[in-house]
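Observations on chain architecture
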Amino acid sequence: MKLSLKRSRSLVALYVANIIISAASVGELYTVWLMASLPVEVAERGAVLVTQSSLADEFAKGDTVAAVDGSSVRTVSELGHILGRHEPGEIVPITVVNNNSFLTRDVALIRTFSISSLAIRFLAGVIFLIFGFVLLIKRPEELTARVVNMTGLGASVLILESWGYYGTPFFGVLYRMLFIFSYVLVPVLLLHFGLIFPRPLTRRNFAPWLRLLYCLEIAFAVFLSWSFAAAAASKNIAVFDTFDQYYNIAEWLFGIVSLAAFACLVMNYRRASEVSERKKLRWVLVGVSFSILFYLFFEELPQMFGTKFLVSEELILLASTIAPITFTIAIVRYHVFDIDLLINRATGYIAVGIAVFVVYAGLLVTATTLLGKVFHASNLLDTSIAAILTALIFE
């Protein structure tokens, strides 16, 4: 009776947490809408920031950005932190070095994300919220469903908040703290799921070690949040640099723990003896591959090494929405959807698509070359006529 009452209370607490975090997550999208950027592209080059484009008579391509709003900047992270206090349209003094001369100009900041980009972010975040909540309703007594539900809540926070505007007193910093907690705990929740789904990975009692990991990660999240609050309250960029160093550790931990969770799922798949368990794990592995691994290799690693994202952030967000769908199918409806048939058909369609593209490209190049030799036409005319002829052949 006491155990049942305890479970009921924990379930009610989980429902309340879902409602509160869902409301906060949707509200966080407003901070992303208020994210501001410079009207010129910048990139790290050595220990300085260099403009990658020009802006009328104010900046030239290749200028070194020395200071923004009175604070010296050397990295993209420092620039983002300074601009995080400002909204689009605000006028901010920018100091650059051009031909060994310091030039200061007042520049109007622009909006970072377009409406279409925000719409994609909102869609992805809401999908994680809905599927997590549905899973909790369908399997309220299952530990795996609860863990996935909390993982979905954390993922929605990461998607909807991003690294947004924090200039609003209290709420701006509070949203960033919520982001930090989600960023630290989502990989641990995924690891927890990998250790128990579809059955415990090992007969040994790993619960004490898992609780210890949760405690350490929560303590680290509290420390990071306190460090960011100090950086937000200070105009000294060195305070933010201290926070940024510790946040770099969080980025490495995110990758390491996520890969450990993926490894646990692979080990579970190799050890699974029942067909039903293998089908469940295939669905899960598909979801993890298109969400966590896609994010790690195409966004997180390039960002950690100071390079551009390998694919657009919108594509990464859309790919991540596969995860809540496949996880829900694996836990609730795996027997209705044949994962093997889906993978075989997808592989066949992709192979046919690649073959058609290769043939089309080959015909296009051949036709363009022949037209150029016979008629000595311009490259644009060659390509246009060749494309029309190739399209007619395929028709």
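The structure under discussion appears in the preceding block.
This section reports on the structure supplied with the text. (Residues numbered from 1 in each chain as written. Predicted model: local features only at pLDDT ≥ 70, side-chain atom pairs only at ≥ 80, totals over all residues. Heavy atoms only, no water.)

**Comments concerning the environment of Ser116**
- If you trace the backbone, Ser116 turns up in helix H3 (residues 115–138).
- C-alpha separation for the pair Ser116 and Glu314, spaced 198 residues apart in sequence, amounts to 9.3 Å.
- Only 3.0 Å separates the side chain of Ser116 from the side chain of Ser114, close enough to count as a polar contact. (Helix = DSSP H or I, 4+ residues; strand = E, 2+ residues; numbered from the N terminus. Polar contact = N/O pair within 3.5 Å; in protein donor to acceptor, adjacent residues only side chain to side chain.)

**Here's the deal with the layout of surface pockets**
- Each pocket or cavity is described by its volume, and for the second largest pocket that value is around 400 Å³.
- Sorting the residues of the lining of the second largest pocket by element identifies helix H1 (2–33), helix H4 (143–161) and helix H5 (171–196) as the ones contributing at least two each.
- Across the lining of the second largest pocket, the residue classes tally to 13 nonpolar, four polar and one charged. (1 Å grid on protein atoms, 1.4 Å probe; cavity = no way out; pocket = protein on both sides within 12 Å on 5 of 7 lines; lining within 4 Å. Points joined across faces, edges and corners; volume = space filled by probe spheres on them. Nonpolar A, V, L, I, M, F, W, Y, C, P; charged D, E, K, R; others polar.)

**Some thoughts on empty space enclosed by the protein**
- Under the criterion given, the structure shown has one cavity of 30 Å³ or more.
- Of the volumes computed, that of the largest cavity is approximately 40 Å³.
- Around the largest cavity, the lining residues are Tyr183, Val184, Glu217, Phe220, Ala250, Leu253 and Phe254.
- Counting only elements with at least two residues in the lining of the largest cavity, the list comes to H5, helix H6 (207–233) and helix H7 (237–271).
- A total of three residues in the lining of the largest cavity trace back to one element, the largest contributor, which is H7.

**A few points about the pairing of strand E7 (residues 101–108)**
- Two elements, strand E6 (residues 91–98) and E7, share eight bridges in a ladder whose sense is antiparallel. Bridging across to E7, Val92 finds its partner in Val107.
- Hairpin connection between E6 and E7: a loop of two residues separates the two successive antiparallel strands, and Asn99 in this loop has a positive phi of roughly 55 degrees. (Pairing = 2+ DSSP bridges.)

**Quick word on the packing of H5 against H7**
- At their nearest, the axes of H5 and H7 sit 8 Å apart, and the two run at 20 degrees to each other. By the angle between their axes, H5 is roughly parallel relative to H7. For the crossing formed where H5 meets H7, the hand is left-handed. Between H5, through Phe179, Ile180, Tyr183, Pro187, Val188, Leu190, Leu191, Phe193, Gly194 and Leu195, and H7, the contact on the second element is made entirely by Phe243, Tyr247, Ala250, Glu251, Phe254, Val257, Ser258, Ala260, Ala261, Cys264, Leu265 and Asn268.
- The residue makeup of the contact of H5 with H7, split by class, is 18 nonpolar, three polar and one charged. (Axes fitted to C-alpha atoms, helices over the stretch in contact; angles between N-to-C directions. Parallel < 35°, antiparallel > 145°, perpendicular 65-115°, else oblique. Left-handed = near helix turned anticlockwise from the far one by under 90°. Contact = heavy atoms within 4.5 Å.)

**A word on the packing of aromatic side chains**
- According to the stated counting rule, one finds 13 aromatic pairs in the structure shown.
- A centroid spacing of 5.3 Å and a plane angle of 75 degrees characterise the contact between Tyr166 and Phe228, whose relative ring orientation is edge-to-face. On the criterion of sequence distance, the pair formed by Tyr166 in the loop between H4 and H5 and Phe228 in helix H6 is long-range, its members being 62 residues apart.
- Taking 6.1 Å as the distance between ring centres and 20 degrees as the angle between the ring planes, the aromatic pair formed by Phe179 and Tyr183 counts as stacked. Linking Phe179 with Tyr183, this pair stays in helix H5, spanning four residues, or about one helical turn. The same class applies to Phe179 as to Tyr183, namely buried.
- Grouped by ring-pair contacts, the aromatic residues Tyr166, Phe179, Tyr183, Phe228, Phe240, Phe243, Tyr247, Phe254 and Tyr295 constitute a single cluster. (Phe/Tyr/Trp six-rings, centres within 6.5 Å; stacked < 30°, edge-to-face > 60°. Buried < 20%, exposed > 50% of the residue type's maximum accessible area, 1.4 Å probe, protein only.)

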